[in-house]
Amino acid sequence: MGSTNYRGTLILVADDCPSDEAEIPPTRTKSPTVAELQYALISARPYEMTSDDVLFEVFATRNEIAADKRTEAREAFFAKDQACLRSSPLGKRYGWGIHHDADGRVALVAVGSDDYRALALTPR
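Residues numbered from 1 in each chain as written. Predicted model: local features only at pLDDT ≥ 70, side-chain atom pairs only at ≥ 80, totals over all residues. Heavy atoms only, no water.

(A) Summary view of the overall build of the protein chain. Secondary structure summary: the protein chain contains five helices and three strands in total. Reading the protein chain from its N terminus to its C terminus gives the helix and strand order β-α-α-α-α-β-β-α. Expected size for 124 residues packed as a compact globule is a radius of gyration near 14 Å; at 14 Å, the protein chain falls within 12% of this value. Taking the contacts inside the protein chain whose residues are at least 6 apart along the sequence as the reference set, 69% of them involve residues at least 24 apart. (Helix = DSSP H or I, 4+ residues; strand = E, 2+ residues; numbered from the N terminus. Rg over C-alpha atoms; globule rule 2.2 N^0.38 Å. Contact = heavy atoms within 4.5 Å.)

Now the structure itself:
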């Protein structure tokens, strides 16, 4: 099984991100976007979930996978290569860095914040 988890890493906001400051992704009425779901999961539970947890939960939610089918679905999901959170719309469009702690758990860090600047300067 592959993994998208990093440890002790800050995924920086994309150089071409149109946001100068972090924005909460707008809410859609029909079905939530990947950005909405990722933001909701990570902001509600900072440093509780890994990248793998977030990516699979978004996939499972969008595909309405029942709780009793998730273990098997997760194995199938990670049996194929998956894009990591570097490709997340949070960092590409909405101005959120994604910090992975020493245990691989993630939290959002607003671009331009003191935390973002400190983490961006920390040697890896």
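(B) Geometry of the packing of helix α1 (residues 34-44) against helix α2 (residues 51-62). It is at 10 Å that the axes of α1 and α2 come closest, and there the two elements cross at 125°. Between α1 and α2, the angle is such that the two are oblique. Crossing hand, α1 versus α2: right-handed. Here α1 contributes Val34, Leu37, Gln38, Leu41 and Ile42 to the contact with α2, which in turn contributes Val54, Leu55, Glu57, Val58, Thr61 and Arg62. Classifying every residue of the contact of α1 with α2 by side-chain character gives seven nonpolar, two polar and two charged. (Axes fitted to C-alpha atoms, helices over the stretch in contact; angles between N-to-C directions. Parallel < 35°, antiparallel > 145°, perpendicular 65-115°, else oblique. Left-handed = near helix turned anticlockwise from the far one by under 90°. Nonpolar A, V, L, I, M, F, W, Y, C, P; charged D, E, K, R; others polar.)

(C) Structural view of the sheet that holds strand β1 (residues 9-11). Pairing is antiparallel across the open sheet formed by three strands, whose spatial order is β1-β2-β3. Two strands in the sheet have a free side with no partner beyond their single neighbour: β1 and β3 (106-110). Here the average twist between neighbouring strands, direction ignored, is 25°. Of the pairings in the sheet, the one linking β1 to strand β2 (residues 96-100) comprises three bridges and is antiparallel in character. For leucine 10, the partnering residue across the bridge sits in β2 and is histidine 99. Across the face of the sheet, α1 comes into contact with β2 and β3 while running at roughly 100° to β3. (Pairing = 2+ DSSP bridges.)

(D) Main features of the packing of α2 against helix α3 (residues 70-78). Running from N to C, α2 and α3 cross one another at 115°; their axes reach a closest spacing of 11 Å. Considering their axes alone, α2 and α3 lie roughly perpendicular with respect to each other. Seen along the crossing, α2 lies across α3 with a hand that is right-handed. Here Asp52, Asp53, Leu55, Phe56, Glu57, Phe59, Ala60 and Thr61 of α2 lie close against α3, whose contacting residues are Arg70, Ala73, Arg74, Phe77 and Phe78. Considered class by class, the residues forming the contact of α2 with α3 number seven nonpolar, one polar and five charged.

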